[in-house]
Amino acid sequence: MPEPFETQLDMTEALAPAAGGGPLAASGADTLQGGGPPRVPRRLPWRRPVRTGAAPGSRGLWSDAWYDLRRNPVFIVSALVILFLVTIAIWPQLIAGGNPYQGNLAKAQEGPAPGHPFGYDLQGRDVYTRTVYGARASITVGICATAGAALLGSVLGGLAGFFGGWWDALLSRLADVFFGIPILLGGLVFLSVVTSGSVWPVVGFIVLLGWPQLSRIARGSVVTVKQHDYVQAARALGAGSGRTLLRHIAPNAVAPVIVVATIALGTYIALEATLSFLGVGLKPPTVSWGIDISSASSQIRNAPHMLLWPAGALSVTVLAFIMLGDAVRDALDPRLR
């Protein structure tokens, strides 16, 4: 039977680091031999630390949506296009130095020329300058109308879904009345009596007929969210109706409204151009794509450039906002993951 000292040596040899041995064996040998404190194992260069919260599922709804949007090429392209359009709508002189109202009848309907890449319109005005300046009216109508319809619809629909009862029934029947009005017919009737050619009558009309759709979206979202356990727990802890609605329900019910409003923004821009084309929307001297398309429609055979450029700018703008809305919908809807 071996001596205790020999047994200790055998255990030390068993725990001693061999070729390819791990850091656990090295630290155990140092401790048994009494050679001081155990050595701290060196981190291997290919062993990277795991970052907590890196998985998309460990984040909240908004951070998870932003994580997906940053990796969606559709969102990136549409956002860049919209950023460019908003920039030229605010500062059109950055890329167009001419006057959109100044014309030369001697050059009416002429094609592209040096310094005038889009040609001239019926009154000899530069089509390129008018196309750039036309973005301001169209985007202003789209953004203001969307903001107004989303705000009004969210407030009325959210209150109807939260309180229910007669308030819900009254708003639902009122929304049905507005849903029964054809939007083009309503625009012809409503805007035909308005003498102002500015953007605000058009914005008011779109808000008047656009809030019922967003109101129904907001109502359904609030009705769904208020059934969740955390809302019931907040009520059980004594939270009032205002705090429950603003702190617990609204932040979790606003995502569907944002998605629908983003898609509707492009639709509202197309609606403004349609009403201006029919002569009841924006009126001269306001510069608008719809006005230019209307004036150029009769000369499409003789001077197609007058129609193609403002129509192309309108199509790109509407498509960019619709693509942005689709990307936001895919990022905020958990059922599409």
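Quick note: structure is the one above.
Rules of the game
- Residues numbered from 1 in each chain as written.
- Predicted model: local features only at pLDDT ≥ 70, side-chain atom pairs only at ≥ 80, totals over all residues.
- Heavy atoms only, no water.
- Helix = DSSP H or I, 4+ residues; strand = E, 2+ residues; numbered from the N terminus.
- Contact = heavy atoms within 4.5 Å.
- Areas by Shrake-Rupley, 256 points an atom, 1.4 Å probe, with all protein chains shown as cover.
- Phe/Tyr/Trp six-rings, centres within 6.5 Å; stacked < 30°, edge-to-face > 60°.
- Buried < 20%, exposed > 50% of the residue type's maximum accessible area, 1.4 Å probe, protein only.
- Lys NZ or Arg CZ within 6 Å of the ring centre and 35° of its normal.
- Salt bridge = Lys/Arg side-chain N within 4 Å of Asp/Glu carboxyl O.
- Core = buried A, V, L, I, M, F, W, Y, C linked by side-chain atoms within 4.5 Å.
- Patch = residues over 30% accessible without salt bridge, like charges linked within 9 Å, V, L, I, M, F, W, Y side chains within 5 Å.
- Arc of directions from axis to C-beta.

### Remarks on the overall build of the chain
The number of helices and strands found in the chain is 13 helices and zero strands. Counting from the amino terminus, helix and strand elements in the chain follow one another as α-α-α-α-α-α-α-α-α-α-α-α-α. For the chain, restricting intrachain contacts to residue pairs at least 6 apart in sequence, the fraction spanning at least 24 positions comes to 67%. Carbon and sulfur atoms provide 66% of the accessible area of the chain, an area that totals close to 19,200 Å².

### Here's the deal with the packing of aromatic side chains
In the structure shown here, the tally under the stated rule is seven aromatic pairs. Look at Phe118 and Trp309: their rings are 3.8 Å apart centre to centre, the planes differ by 5°, and that puts the pair in the stacked class. Note that Phe118 is positioned in the loop between α4 (73-90) and α5 (127-163) and Trp309 in helix α13 (residues 305-332), a separation of 191 residues in sequence. Take Trp309: its relative accessible area is 39%, and that puts it in the partly exposed class. Between Phe162 and Phe163, the aromatic rings sit 4.9 Å apart at their centres with planes inclined by 85°, giving edge-to-face as the arrangement. Here Phe162 falls in the buried class, since its relative accessible area comes to 7%. Through a chain of ring-to-ring contacts, three or more aromatic side chains come together here, namely Phe118, Tyr128 and Trp309. A cation sits over an aromatic face here: Arg71 above Tyr67, 3.9 Å from the ring centre.

### Regarding the pattern of salt bridges
Taken as a whole and assessed by the stated rule, the structure comprises seven salt bridges. We note a salt bridge from Asp292 to Arg130, for which the minimum N-O separation is 3.0 Å. Linking Asp292 in helix α12 (residues 289-296) with Arg130 in helix α5, this pair joins segments that are 162 residues apart in sequence. The salt bridge partner of Arg329 is Asp326, with a shortest N-O separation of 3.8 Å.

### Overview of the nonpolar core
Within the largest apolar cluster, 32 residues are counted, with the highest numbers of intra-cluster contacts made by Ala135, Ile269, Leu314 and Leu332. Contributing elements (two or more residues each) for this core: α3 (61-69), α4, α5, α11 (255-277), α12 and α13. Here this core takes 12 residues from α13, the largest share from any one element. Leu314 has contacts with Ile269, Ala273, Trp289 and Ile293, leaving out every residue within four places of it along the chain. Counting 28 residues, the second-largest nonpolar core is a separate cluster that includes Leu156, Phe205, Trp211 and Ile291.

### Focus on a nonpolar patch on the surface
A grouping of Ile183, Leu184, Leu185, Leu188, Val189, Phe277 and Leu278 is seen on the molecular surface, where their side chains present a nonpolar patch of about 590 Å² in accessible area. If one sorts the elements of the nonpolar patch by residue count, helix α7 (residues 183-191) sits on top with five residues. Here Leu188 lies in helix α7.

### Looking at α7
The set of residues buried in α7 consists of Gly186, Gly187 and Leu191. Angularly, the buried residues of α7 cover 100° about the axis, an arc narrow enough to put them on a single face. Buried residues in α7 make contact with α8 (199-225) and α11.

### Quick notes on the side chain of Ser78
Mapping Ser78 onto the fold places it in helix α4. For Ser78, a relative accessible area of 2% corresponds to the buried category. Not counting residues up to four positions away in its chain, the partners in contact with Ser78 are Ala320, Met323 and Leu324.

### What about unusual backbone geometry?
Across the junction of Pro284 and Pro285, the peptide omega takes the value 15°, indicating a cis bond. The residue Pro285 is located in the loop between α11 and α12 in this model. The phi angle at Gln109 is positive, at roughly 65°, despite the residue not being glycine. Note on placement: Gln109 falls in the loop between α4 and α5. Gln109 gets classed as partly exposed once you look at its relative accessible area, which sits at 29%.

### Focus: the environment of Leu184
Following the sequence through the fold, Leu184 ends up in helix α7. Residue class for Leu184 comes out partly exposed when judged on its relative accessible area of 39%. Discounting residues that sit within four places of it in the chain, Leu184 has contacts with Leu271, Thr274 and Leu275.

### Let's talk about the environment of Lys107
Relative to the elements of secondary structure, Lys107 occurs in the loop between α4 and α5. For the pair Lys107 and Arg125, spaced 18 residues apart in the sequence, the C-alpha separation amounts to 8.3 Å. Residues in contact with Lys107, not counting those within four places in the same chain, are Tyr120 and Gly124.

Everything listed here is a matter of geometry and, on its own, says nothing about what the molecule does.
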